[in-house]
Amino acid sequence: MLTNSYLEYFLTLLGWVVNNGLWNILITTGLFAAPVAFRLIGIWLKVREEGEDEGNKGALSIPRMEHAVYTSFLVMIACCMPLMNVDMNTIKYDTSRAQSCGTWTPKAPDDTGYSPVISSINDQTAAAPVWWYLIHKLAKGITQASVATIPCRPDMRQLRFEVQHTRINNKSLAEELQDFTNDCYSLALYMWKRQDQGQTKDKATLRDIEWIGSKTFLSNYYGSLQSKTPRAEFAWNESRDSGRPDTGRGGYPTCSEWWNSADTGLEARVVDQADPGLWTRLTAAMKMIGGNSADYKEAIIRRLVSPESLTVSQGGHVYAGYGGNADFTLDNSVARVAAIGGTALGSLAAFPAFDAMRQALPMVQAVLLMAVVVILPLILAFSAYEIKTVITLTFVLFALNFLTFWWELTRWLDSWLLTALYSSDTHSSFNMAGFQNSSDDLIMNFVMATMFLVLPAVWMGALSWAGVRIGGTLDAAFKSGTNDVQKAGGSAVNTAKSAAKL
């Protein structure tokens, strides 16, 4: 059995464990036979009500009762009796998409935060009926084959979200970055302004000197400037530090050494603040979309050492997700300015809700799949083991599993549009897919975020065209399952909006 999320990984086993327990209750109490008995009584009563013109009533009732008994026991054997073994050794977390696209291979579920929950049911064994085991295999196979038809593209929205939520938690590093700004960057900027370059109109140069790791300053000024205080990461060097007091607490590196040195340089230590997997996914993403990974890496470092990021890292609060900003220049500034347009204010509440919804939908899917698995024996018993009920439940399980395809398709469209938006002249190429998002397209974000619900709703509704009326129920389940998450995501901003109106 394959699963598409960590949550589904152990909920699948949990669902079948409870399913087996409920079926055992029906078997041991004899209640499993009650629906068959009621069905036979119903057939007998119906035959008695028929007129003489129908022929021999006894001859009619016998084959009808035989058919009822045969179909009931067929459904019991194929759909209720647990025969196929299900345990943690037979359930596999699917990594085929990540491997085929060459992005990154997720950790095993046992290595994640779900490990305590998984280990608590690891000794449990369960079994699945033959029919549902085959349907699970079929649904997952068709879903994975459908996902494979979608061209590989990294999840730029998730990558962007992770970048914007990376913090410099090391207080001493944050203070050292401030010292570097005072000792190096501010002096280099002053020297640059005093020279002819201060009159330049070259946009690339002007953009480059906006941050402390400027290539212009590294090549022209940082080599002659030094730290004003000793740095423990750099040894005392007589030729470089003569004339300065040797305190025994380190040397006085040049600004170039202070920024560029391997392992001990500020740039290297800032890079270490981010999750190593982030850089792996970034490199793979750039190979996939043909971008320059060095430029993207610079954009991430620029984001991490920005004054706004350092403020947030040392105790501030910021939201940066669907359309949220990392540099406080547009949407997030609205939180500080009450008199702003309704669209931007609305986006402040909507975008956190969209991000929360995007994360919650696969979780709701996993829980609904577990719930359907749990109630299978009861639903079949209540329906007196009708074949049409089996067909309906088959569509339900297939439809729930196939939702993965629609979310992958929406994610691909979202990432493609996000890349196209920031890889053209529409927005500055230095914006790097919105890592420093100051002019994001609000309408595009609204539309793409809602697609995570709209496309599955279309899929559920389309099932009714095949005569399976389950769409409304499942659609309502997903909306109710994510409604509270969306409300919680935007509640803080709604409070700010109410305060602004007052």
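Small disclaimer: the values here were computed from a predicted structure and weren't measured.

J.: Help me out: how do you make sense of the pattern of salt bridges in this one?
T.: Side chains bearing opposite charge may pair, as long as their charged atoms lie close to each other. Per the stated rule, a full pass over the model turns up 9 salt bridges. Here Glu386 and Arg39 are joined by a salt bridge, their closest N and O atoms 3.9 Å apart. Taken as a pair, Glu386 in the loop between helix H17 (342-382) and helix H18 (387-422) and Arg39 in helix H2 (residues 34-49) lie far apart in primary sequence, 347 residues in all. Under the relative-accessibility criterion, Glu386 is labelled partly exposed at 28%. Between Arg269 and Glu233 there is a salt bridge, and its shortest N-O distance comes to 3.5 Å. Note that Arg269 is positioned in helix H13 (residues 266-271) and Glu233 in the loop between helix H10 (215-220) and helix H11 (238-241), a separation of 36 residues in sequence. What makes Arg269 buried here is its relative accessible area of 16%. Here the residues in one salt-bridge network are Glu176, Glu233 and Arg269, joined through shared partners.

J.: What exactly am I supposed to notice about empty space enclosed by the protein here?
T.: Using a probe with the size of a water molecule, rolled over the atoms, empty space left in the structure can be pinpointed. For the coordinates displayed, the defined rule picks out 2 cavities of 30 Å³ or more. Here the largest cavity is characterised by a volume of approximately 160 Å³. In terms of lining residues, the largest cavity is bounded by 13 residues, among which Trp16, His136, Leu369, Val373 and Leu397 are the most central. Mapped by element, the contributors of at least two residues to the lining of the largest cavity are helix H1 (6-29), helix H6 (130-148), H17 and H18. Here the residues of the lining of the largest cavity are counted per class, giving 9 nonpolar, 3 polar and 1 charged.

J.: It is not clear to me how the nonpolar core should be interpreted in this structure. Could you clarify?
T.: If you look at soluble globular proteins, the nonpolar side chains tend to sit buried side by side. In terms of nonpolar packing, the biggest core is built from 53 residues, with Trp16, Trp132, Leu380, Tyr385 and Trp459 touching the most fellow members. Going through the elements one at a time, H1, helix H3 (57-80), strand E4 (126-128), H6, H17, H18 and helix H19 (442-463) are the ones with two or more residues in this core. Here this core gets 13 residues from one element, more than from any other, and that element is H18. Once you skip the residues sitting within four places of it in the chain, Trp132 turns out to touch Trp16, Ala78, Cys79, Leu376, Leu380, Val390, Leu393, Thr394 and Leu397. Formed by 37 residues, the second largest nonpolar core is a distinct cluster that contains Tyr185, Ala188, Trp211 and Trp259.

J.: Please explain the state of the cysteines as it appears in this structure.
T.: Each disulfide is one covalent bond, formed between the sulfur atoms of two cysteines. Enumeration over the complete set of coordinates arrives at 1 disulfide. Two residues, Cys184 and Cys255, share a disulfide whose sulfurs are 2.0 Å apart. For the disulfide bridge between Cys184 and Cys255, the dihedral angle about the S-S bond is near -85°, and by the sign convention the bridge is left-handed. One end of the pair, Cys184, is in helix H8 (residues 171-194); the other, Cys255, is in helix H12 (residues 255-260), and 71 residues separate them in sequence. Summarising the burial analysis for this pair, Cys184 and Cys255 share the class buried.

J.: How should H8 be read in this particular structure?
T.: Helical periodicity: at 3.6 residues per turn, an α-helix aligns residues three or four positions apart in one direction. Given a rise of 1.5 Å per residue, 24 residues ought to cover 34 Å, and the 34 Å separating the end C-alpha atoms of H8 matches this to within 8%. Of all the bends found along H8, the most pronounced is centred on Thr181 and spans about 40°. Of all the residues in H8, the buried ones are Leu173, Ala174, Glu176, Leu177, Phe180, Asp183, Cys184, Tyr185, Ala188, Leu189 and Trp192.

J.: Honestly, the packing of aromatic side chains in this entry has me stumped. Any pointers?
T.: Two aromatic rings are characterised by how far apart their centres lie and by the angle between their planes. Summed over all chains, the structure comprises 16 aromatic pairs. Ring centres 6.2 Å apart and planes at 75° place the aromatic pair Trp236 and Tyr252 in the edge-to-face group. Of the two residues, Trp236 sits in the loop between H10 and H11 while Tyr252 sits in the loop between H11 and H12, which places them 16 residues apart along the sequence. On the basis of relative accessible area, Trp236 is assigned to the partly exposed category, the value being 26%. Pairing Phe405 with Trp406 gives two aromatic rings, centres 5.1 Å apart and planes at 70°, and the pair type is edge-to-face. Of the two residues examined, Phe405 and Trp406, each falls in the buried class. Here a set of aromatic residues connected by ring pairs shows up, and it is made of Phe180, Tyr185, Trp211, Phe217, Tyr221, Tyr222, Trp258 and Trp259.

The rules we used
Residues numbered from 1 in each chain as written. Predicted model: local features only at pLDDT ≥ 70, side-chain atom pairs only at ≥ 80, totals over all residues. Heavy atoms only, no water. Salt bridge = Lys/Arg side-chain N within 4 Å of Asp/Glu carboxyl O. Helix = DSSP H or I, 4+ residues; strand = E, 2+ residues; numbered from the N terminus. Buried < 20%, exposed > 50% of the residue type's maximum accessible area, 1.4 Å probe, protein only. 1 Å grid on protein atoms, 1.4 Å probe; cavity = no way out; pocket = protein on both sides within 12 Å on 5 of 7 lines; lining within 4 Å. Points joined across faces, edges and corners; volume = space filled by probe spheres on them. Nonpolar A, V, L, I, M, F, W, Y, C, P; charged D, E, K, R; others polar. Core = buried A, V, L, I, M, F, W, Y, C linked by side-chain atoms within 4.5 Å. Contact = heavy atoms within 4.5 Å. Disulfide = S-S within 2.5 Å. Expected span 1.5 Å × (residues − 1). Bend = angle between axes of the 7 residues up to and from the residue. Phe/Tyr/Trp six-rings, centres within 6.5 Å; stacked < 30°, edge-to-face > 60°.

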